[in-house]
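For reference, the chains in residue letters:
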Amino acid sequence: MHVHDYVWYITVGVLLALLAFDVFIIGRRPHEPSTKESATAIAFYVGLAVIFGLGVWAFSGGQYAGEFYAGWLTEYSLSVDNLFIFLIIMSRFNVPRKYQQTALLIGIILALFFRGIFIAVGAAAINQFSWVFYLFGAFLVYTAIHLAMQGENDDEDYKENAVIRFARRRLNVSEDYNGVKLTVIKNGKRLFTPMAIVIVALGTTDLLFALDSIPAIYGLTQEPFLVFTANVFALMGLRQLYFLLGDLLRRLIYLSIGLSVVLAFIGVKLVLHAMHENELPFINGGEHIKWAPEIPISVSLGFIIVTLGITTVLSLWKSRQIAATDAANGNGTAQATPAETAGGELDEATPRPQDVVDQDAKAEAELHQSDSKKP
């Protein structure tokens, strides 16, 4: 696939312009997007990706269009899984809802930055060493096994990494947010706000997910132009999706399992491709392994669509079964906290569970004290 320099410039310019417009709007007015605003934005970005794929089809043929769509769907699914971790982070740090959109936007920009670096590194490695596909394939199979062993998506599976723990210990952090600012001055001393720790959490999460996403996309296409655009389109509209889906993200309980199947498939595809192009002297004498099949992109695209479709249907069915069981046991609405129903955030005016416990303990202590004073 030959892409002229001016096509690169125009594509990157338009995508960066869209991102800059988004940043400008968010920067001036942090807010919670309405359902209409979120749905409109998602429809626009998804429609843009579909139109872009049709453009690739018109100018470069169905093969490259299929590679773009397969890469876009895979990266979008990985991004949604990433979004689930974002939701947990927002809940853990009690980010006020009106500031969550800004935090999400920063997280998406960081994801784009890290993926851009890995795309360039991956392209350079592929051009120099064909055996890198063995490494990519093995890494994806390992990741798939790890996701499969992890099982259903669960808040309890999230553990803070070493960077977040280091930031918590070493940085002087205030207890309160200062809008979307990262620092605040109290008693003449500059402190970091919890938003700074949230950004660290989002950034390190993006870095880890980029390690998975780039080998996956290179297993579907080796065209840097398609790799870059598929990743950008996969990140567009994610923050609106966060607010539109809300609790639905928690109901995609089998998403990790579905992704593990997709990643394992792509990993095997990469290994087969590496065998077909083999140049390592200690494998088959450095000769190409002719019997190793090349899986066509049409098969890859169909497999990804079917797998993700089955994953979504089974997740929603299982969630409905769990909800019905909870309702039958009288645990339906009692278990739903404001944080869960509002995308993982507690309003400032809403008492937190620990606050309720403290209030009850205080009331009980006052009651005992008054009883002890009675003659």
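As the structure is a prediction and not an experimental result, all values here were calculated from the model.

Visitor: Mind showing me how you'd approach the overall build of the protein here?
Guide: For the protein, the helix and strand inventory stands at 14 helices and two strands. Burial statistics for the protein: of 375 residues in total, 44% are counted as buried. A fraction of 77% describes how many contacts in the protein between residues 6 or more apart in sequence connect residues 24 or more apart. Carbon and sulfur atoms make up 64% of the accessible area of the protein, which totals about 19,700 Å².

Visitor: Any chance you could explain helix α11 (residues 255-276) here in plain terms?
Guide: Think of an α-helix as 3.6 residues a turn; residues three or four steps apart then line up on the same face. When the terminal C-alpha atoms of α11 are compared, their 31 Å separation across 22 residues agrees well with the 32 Å that a helix rising 1.5 Å per residue should span. Among the 22 residues that make up α11, 16 are buried, leaving the element largely enclosed by the rest of the structure.

Visitor: Quick question: what am I supposed to make of unusual backbone geometry here?
Guide: Residues other than glycine predominantly adopt negative phi, and peptide bonds predominantly adopt the trans conformation. Even without a glycine there, the phi angle at Asn94 is positive, about 50°. Mapping Asn94 onto the fold places it in the loop between α3 (62-92) and α4 (97-128).

Visitor: What is the right way to read the side chain of Ser300 from this model?
Guide: Following the sequence through the fold, Ser300 ends up in helix α12 (residues 297-328). When its relative accessible area of 0% is taken as the criterion, Ser300 is described as buried. Sequence-distant contacts of Ser300, defined by excluding residues within four places in its chain, comprise Leu220, Phe265, Lys269 and Ile295.

Visitor: Can you walk me through the nonpolar core in this structure?
Guide: In a soluble, globular protein the nonpolar side chains are often hidden away together inside. One finds Trp72 and Tyr218 to be the most contacted residues of the largest nonpolar core, which totals 88 residues. No other element matches α3, which puts 16 residues into this core. Those residues in contact with Trp72 that sit more than four places away from it in its chain are Val46, Ala49, Val50, Ala230, Phe233 and Ala234.

Visitor: Help me understand the packing of aromatic side chains in this model?
Guide: A complete count under the given rule lists 12 aromatic pairs for this structure. Through a chain of ring-to-ring contacts, three or more aromatic side chains come together here, namely Trp8, Phe52, Phe68, Tyr69, Phe225, Phe228 and Phe233.

Visitor: Can you walk me through a nonpolar patch on the surface in this structure?
Guide: Together, Tyr6, Tyr9, Ile10 and Val14 give the surface a local cluster of nonpolar side chains, amounting to about 480 Å² of exposed area. Looking at the element boundaries, Ile10 is found in helix α1 (residues 5-28).

Visitor: So what exactly am I meant to see when it comes to the pairing of strand β2 (residues 189-192) here?
Guide: For a regular strand, side-chain orientation follows a simple rule: the groups alternate between the two sheet faces. As paired strands, strand β1 (residues 183-186) and β2 are joined by four bridges and run antiparallel to one another. Across the sheet, the residue bridging to Val184 is Leu191, located in β2. In textbook terms, the turn of a hairpin is the stretch between consecutive antiparallel strands, and for β1 and β2 this stretch comprises two residues, one of which, Asn187, has a positive phi near 55°.

Visitor: Please clarify how the pattern of salt bridges should be interpreted in this entry.
Guide: Side chains that differ in charge, positive against negative, can pair when their charged atoms come close. Throughout the structure, instances matching the rule amount to one salt bridge. The partner of Arg115 in a salt bridge is Glu75, with the nearest N and O atoms 3.2 Å apart. Of this pair, Arg115 sits in helix α4 while Glu75 sits in helix α3, and the two are 40 residues apart along the sequence. For the pair shown, Arg115 and Glu75 are each scored as buried.

Cut-offs and rules
Residues numbered from 1 in each chain as written. Predicted model: local features only at pLDDT ≥ 70, side-chain atom pairs only at ≥ 80, totals over all residues. Heavy atoms only, no water. Helix = DSSP H or I, 4+ residues; strand = E, 2+ residues; numbered from the N terminus. Buried < 20%, exposed > 50% of the residue type's maximum accessible area, 1.4 Å probe, protein only. Contact = heavy atoms within 4.5 Å. Areas by Shrake-Rupley, 256 points an atom, 1.4 Å probe, with all protein chains shown as cover. Expected span 1.5 Å × (residues − 1). Core = buried A, V, L, I, M, F, W, Y, C linked by side-chain atoms within 4.5 Å. Phe/Tyr/Trp six-rings, centres within 6.5 Å; stacked < 30°, edge-to-face > 60°. Patch = residues over 30% accessible without salt bridge, like charges linked within 9 Å, V, L, I, M, F, W, Y side chains within 5 Å. Salt bridge = Lys/Arg side-chain N within 4 Å of Asp/Glu carboxyl O. Pairing = 2+ DSSP bridges.

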